Structures are given as C-alpha cells and as structure tokens.
Amino acid sequence: MFNGIYNIISQCLSSSTITLSHARQAHAHILKLDLYGDTYIATRLLSHYANNLCFSQVTNLVLHFFPNPTLPSFTTIINAFARSHQYDAVLRLFSLMGHKGLAPDGFLLPSAIKACAALQALKPGLQFHGYAFASGYALDSILASSLVHMYLKCDSIGDAHRLFDEMPERDVVVWSAMIAGYSRRGMVERAKEMFSEMMSEGVEPNLVSWNGMLAGFSNAGWHVEAVELFKTVLSEGFLPDGSTVSCVLPALGQLEDGVAAKQVHGYVIKQGLGLDRFVVSALLDIYGKCGCTHEMLQLFDEVDQREVGSLNAFLNGLSRNGLIDTALEVFRKFLDEGVELNVVTWTSMISSCAQNGKDMEALELFREMQAHGVEPNAVTIPSLIPACGNISALKHGKQTHCFSLRKGIFDDVYVGSALIDMYAKCGRIQLSRLCFDKMLDPNLVSWNAVMKGYAMHGKAKETIEMFRMMQESGMEPDEISYTCVLYACAQNGLTEEGWQYFNSLSKEHAIETKTEHYACMVTLLSRVGKLEEAYSLIKEMPLEPDACIWGALLSSCRVHHNLSLGEIAAEKLFLLEPDNPGNYILLSNIYASKGMWDEVDRIRDVMKSKGLRKNPGYSWIEIGNKVHMLVAGDKSHPQMQEILEKLEKLSVEMKKCGHLPKTGLVLHDVEEQEKEQILCGHSEKLAVVLGLLNTSPGQPLQVIKNLRICSDCHAAIKFISSLEGREIFVRDTNLFHHFKDGVCSCGDYW
C-alpha cells in the first residue's frame, strides 16, 4: 500500500499539468508518510512551489523539512523565482543556501548578479563579485558581462569600467552596455570614444549599440546630439526599430520639431511599427508638445485607445494645448467604459485641472480616484496641493497634508514645497514656515516657495532674512529667488534694498536680468512716487519691454493718477494685448479720477467696437468642507437674499461712521443709488458676507478673487473687520490683504 501511494505522489509531482491545489494535496501525504528524506520527491515539491511563487512554503520546506537540500534543488527554485522577477526572493534564497553550507556554481551566480542589478543592490553585488573572483568563475566572459551590467545598474560606472578593462574577450553586448552607461550619464564625449574604440577593436556595432547610445543621449537631455545620432544610424544603413524611434521622438519633442516628428511618423507607417505601443505613446506625446493637435487626434483615432500609455499621452497632449474640457470628456468616457486607468492617468488629469483653472474639478477627481481604489503617490499629492491653494481651500489642503503624513510621503521635497506654497496662498504663512522648518533637506524650490509666500504677504523683512539664510546654507539663488526678494521690496517701498538686489543679480551671481525683475523695479519706484524714474528705467532696458512691464507702470499710474504716463503705458499695452479688457479699464479709471467722462465714454466705445467686456469678478470662500464661488452681479446663490440684506445693514453702519461708497469707480452714466448697488454686487463683498452668515463670531475668513480688489471693497472690508471683530484674508491677483481691526497689511497700496 505504501509503495502504491508513493508511486501516485511521484507521478503527480512529475506531471507538467499539476495545479497548486494538487501540489498541496501531495504535500499533505508527504507529511503524513514522512517522505522528506526522498530527494527526488522533495525537489519536485520545491519546484512546484517555486513555479507558483510560494516563497514562504519554499523557505519552510528548506529550513524545517528538507534535511539535505542539494545545489540542483536550489538551482531549480532560484531560477523559477528569477524568471518571475521575484528578485528579493532570489537574494533571500542565496542567503539560505549559505546557511545550509552550499555555495553557488558558475551556472547559478548569474541569477544572483541579475537580481542585484534589478534591485540596484550594490553591496550584495560586490559580495558575489568577490566570491566569483575567489572561486575563479569571474574568468567566464558571460559572468563578467553580467557583473558589468550590475555595476552599471547600480550607478557604479567606475567599477564597471575597471572590470570591463580586465575582460579578455569583450563582445558587442558588453561594449553596448558600457556605451549606453556613459550616454545615460550625459558623458557624450566618453560614449563616443567608447564607440570608436569598439570599432577599432573590430567589434561591429549592432542596432542595440546605437539604441543604447541614443537612449542615453535623449534621457540625459542631449536632444540635438540624439537627433544627429539618429541621422547617423540611417546613414550607416541600419533600419531603426521601435526602440530607436521611441528614443528619438522625445528628443524631437523637447526641440518642438513637429516637421521632423511627421517625417518619423511616416517612417513608422512605412516600416509597420504603428502597433508598437511605445512608439504610439511617443508620437502622441510629441504631437502634443509641438501643438499638432490635428495629427494627435487623427493618430489616436487609429490606434488601440484602451492602451493606457497611449491614453495618458493623448490626455496630456490635450491639456497641454488648452483642450482641458476635451481631455476631461475623453477621461470620463473611458472611465465609464470600465477601462482600468492607472495612477499616472488620474494624476495627469488632476494636475491638468489644477494648471488650467479647474481647481474644484481637481479636488473632485482626487476623491473619485480614491473611490476607484487607485492609490495616490508622491507625484499625485504635489499635483493636487496647488488646486487647494488656488482657491484657498484650507480644509482640503490640511486634509491633503494629513494624507501625505499618513502615507509617509511628506518628506518628499516636492510635496513639502507644494505644502509651503499652499499654506501661504491660504493666508497661513506661519504654517507655511513651519512646513519649511520641518523639511529635512530643502532644495531651491523649497526656499523659493517660502520666500514667495512672505513676499505675497508683504513681509519684506522675513523675505530678505530667508534670502540671507539661503545663501548662508550654501544654496545659490536663481532668477526666481531674486524675483521674490524684489517683489517683497516693491510691496514695501524699500528702494535702496531693491536697487541693491537688482544690481547684484548679474554682478554677483551672473544671472540674466529678466522682464519680471524690471517689472518689480518699476513697481517699486512707482510705489514711492518715482514714476518718471520708472519710465526712464523702462526706456533703458536692454530687453524689449513686454506687457508685464507696461502693465506695472499703468497700474501705478492708476494709483498716482498720472495721466500722461498712463496714456503712454496704455498705448503700448493696446498694441501688445489688444484683446485684454483690463488695460482699457485701468485707463478708464485714470480718466474717471480726473473727471474726464468724455474719455471714459470713448474707451467704453472702443471696447464695445472690439467686442471686449470687463472680465467678470469671481471670488471663492471655503465654508465647512465646501468651496463657494460668488460672481459679481450673479444672484443665483441660494443665500443671496440674506447676503444682500446683511450688506445693506453693513452699508448703513458704514455711512453712520462716515464711510461713503466710492461711486466714482462705477464707469456708467447712472444714478448714485444704482452705482451703490453695483458696488454692493462685487464678488469679494458677497463672499465676505457669506462667510459672516455661516461661521462662528470671531472666526477668520479667507477669500480669493480672480481680479484686483477695488478700492471701495478694500475700504468696506477694512470697516467690516473692525465692526465684526474678524480677521479677513483676501488674496487678489496682486498680493495678500490681511484685514484686522480696520487696518490692511498692504498699507492701502496695491
């Protein structure tokens, strides 16, 4: 009977069609009959468990039941795990071999080295190299080639080259690996030298050799060199394959060479490479980068649209070209069809929404993403956080912050930098600084984020202090750093300090002075009433003044009621931005301040003839877990009647205290009472009053507006902050206004 059961178990384990369930049944009989001493049966059982990636069962068998495991037994199970890319298990099994007193042979060592390469585990890789050298296996060219690949994967190119030089025979594979290794690190000249050496030794390059160098050049940012190399591949008579094309297309995308992209696309069609998903994704990506939306749409219609890589490239291309609504529509379509979208897809859409003014949609997508069981990663969070900051959704921002802490990704420098920016935009500059102070290793982006936050809040002293601390830490400032510190000086009228930093840009750090730096200086000089000096600076600029420069001067002319310079700046802006209604409005404000109503009418007529209308004012306020959007003149909000009644009461109180509405800001020929009603409908006032109605007494209010806050609303909110005993934060397009006890942090200059 025993022999019969033994034969059944033996036949079962020898079968190539045995299932894991059958193997476990056989295992139960082996336990019952105590057959572990049978080497053949134990080895077959190990093999079946290994092929099904049951690492715990394999370990348990080897440690506890298999008394004398052999090298062939370990070879079988290690190779099974290696074939399935279970490299952690491979290294643990090698450790287990050592405990059992077994040493790997020349056939098994390549599996260990391959595992070290895949895991970029240099320390065990060095140990295996040492063993191979001591045992003589390192003389084998295949093993030596594996070691070279391992060192390259572990970013230890020096060790790789030393071993390469010691190899008695070097085939095209190991040469290609070394060339690709140097190329990936941007060491273009060294890669070219290696290529020439290979040719001089009589080793003919193959397409893999060319592809390795091409991929390295492209990944290292040597885009022109990558394109030239692609031309060389063609001239040498090689036929580029899918890998070649996938490597050169990103380089063309960075160069925004749409014409060359179409030529490569033609080659793809001619060579039948159109089914290669990597080629398709690369083509969609380059068409998106080059603004070739027609070609991108046509290509997407011709390919397998359910391939996620191609879909991601297509959605990115749509968003990059301002077609965010189309991207959302396509995204929803595939989501409804049950296509399994990955974290890259969701993150891409969240980022696109945040970058294209659809911040509420970005927050909603983040909620949906988690509901669909897709785990956000360290790229998703910094893509979402700007959306919270853009609409001052502080509670959503804090929830995202907590999420990053729970998932252990707060220490990611990009997550930390995004949080710094978000808290600053939400009016919580102290929390912004706290996030910065808790960062383990802040980079330049982090320093710039906290300086930008201080500057946005008009805190010049703190901005300058952070700039000094950054330099003392050994971090070199860039053009953004200087923009932050100059902006802070401009908001506080620090003329001497502003000139000092402006002059040190090029003299001390060899940073090219950009238009934004000049714009800060124009604002700074204008703030202290030096409009003529600001105009002289513009005329002396080595760069062509853009709309940013002239806009800064025109805005300052509005503040100081300087008509002559205002008209000069406005005429320049009308040429640069003929369809921007804001410039016409600013000039109208200057005319209105001078009582020049005929000119106000003329500007209105010009706008009408061009079909221009003043951009509607939008304001957002977060109450509870909901973000409310208020629109000037729109009465659709469910609490609008309560808001208007409260506004009327506040208006009465203001008039009692001598605060009269600034009806001169209304550029319409209507009665004074109607002008007051128009002013009451401004979105920032509506948002503030909505906050008063729905929050507890004394609770701070946070509002953001898509336009510059008008002087009437500014005066009204100062009064409300005093009357209601509230801190009110209002962020407009220019800076942060912190209203408290009837005073604004901007000093009434914005």
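Our structure's up above, just so we're on the same page.
Attention in this report is confined to the structure presented alongside it. (Residues numbered from 1 in each chain as written. Predicted model: local features only at pLDDT ≥ 70, side-chain atom pairs only at ≥ 80, totals over all residues. Heavy atoms only, no water.)

**Focus on helix α25 (residues 413–425)**
Given 3.6 residues per turn, any residue in an α-helix points the same way as the ones three and four places further on.
So, step 1. Over its 13 residues, α25 runs 19 Å from end to end, which matches the ideal 18 Å to within 8%, given 1.5 Å per residue.
So, step 2. Of all 13 residues in α25, 12 are buried; the element is thus mostly enclosed.
So, step 3. If you check which residues of α25 are buried, you get Val 413, Val 415, Gly 416, Ser 417, Ala 418, Leu 419, Ile 420, Asp 421, Met 422, Tyr 423, Ala 424 and Lys 425.
So, step 4. With a side-chain oxygen positioned 2.9 Å from the backbone nitrogen of Tyr 414, the residue opening α25 is Asp 412.
So, step 5. Within two residues after α25, Gly 427 carries a phi angle of roughly 85°, on the positive side. (Helix = DSSP H or I, 4+ residues; strand = E, 2+ residues; numbered from the N terminus. Expected span 1.5 Å × (residues − 1). Buried < 20%, exposed > 50% of the residue type's maximum accessible area, 1.4 Å probe, protein only. Polar contact = N/O pair within 3.5 Å; in protein donor to acceptor, adjacent residues only side chain to side chain.)

**Brief notes about the packing of aromatic side chains**
So, step 1. In this structure the tally under the stated criterion is 17 aromatic pairs.
So, step 2. Ring centres 5.0 Å apart and planes at 85° place the aromatic pair Phe 331 and Trp 346 in the edge-to-face group. On the criterion of sequence distance, the pair formed by Phe 331 in helix α20 (residues 324–336) and Trp 346 in helix α21 (residues 343–355) is long-range, its members being 15 residues apart. No difference in accessibility class separates Phe 331 from Trp 346, as the two residues are buried.
So, step 3. Ring centres 6.3 Å apart and planes at 25° place the aromatic pair Tyr 618 and Trp 620 in the stacked group.
So, step 4. Judged by relative accessible area, Tyr 618 falls into the partly exposed class, the value being 26%.
So, step 5. A relative accessible area of 15% places Trp 620 in the buried class.
So, step 6. Lying across the ring of Tyr 182, Arg 190 places its NZ or CZ 5.4 Å from the centre.
So, step 7. Between Lys 333 and the ring centre of Phe 334, over which it is positioned, the NZ or CZ distance is 4.4 Å. (Phe/Tyr/Trp six-rings, centres within 6.5 Å; stacked < 30°, edge-to-face > 60°. Lys NZ or Arg CZ within 6 Å of the ring centre and 35° of its normal.)

**Notes on the layout of surface pockets**
So, step 1. Roughly 370 Å³ of internal volume is contained in the second largest pocket.
So, step 2. Lining the second largest pocket are 18 residues, with His 149, Ala 177, Ala 180, Arg 184 and Gly 212 sitting closest to its centre.
So, step 3. Within the residue set of the lining of the second largest pocket, elements represented by two or more residues are α9 (141–153), α11 (172–184), α13 (207–219) and α15 (242–254).
So, step 4. Among the elements that line the lining of the second largest pocket, the one with the most residues is α13, at 6 residues.
So, step 5. Taken together, the residues of the lining of the second largest pocket sort by class into 9 nonpolar, 6 polar and 3 charged. (1 Å grid on protein atoms, 1.4 Å probe; cavity = no way out; pocket = protein on both sides within 12 Å on 5 of 7 lines; lining within 4 Å. Points joined across faces, edges and corners; volume = space filled by probe spheres on them. Nonpolar A, V, L, I, M, F, W, Y, C, P; charged D, E, K, R; others polar.)

**A short note on the side chain of Ser 319**
So, step 1. By the element assignment, Ser 319 lies in helix α19 (residues 308–320).
So, step 2. Its relative accessible area of 7% is what places Ser 319 among the buried residues.
So, step 3. At 3.0 Å, the side chain of Ser 319 forms a polar contact with the side chain of Ser 352.
So, step 4. If sequence neighbours within four positions are ignored, Ser 319 has contacts with Ile 324, Ala 327, Ser 352 and Asn 356. (Contact = heavy atoms within 4.5 Å.)

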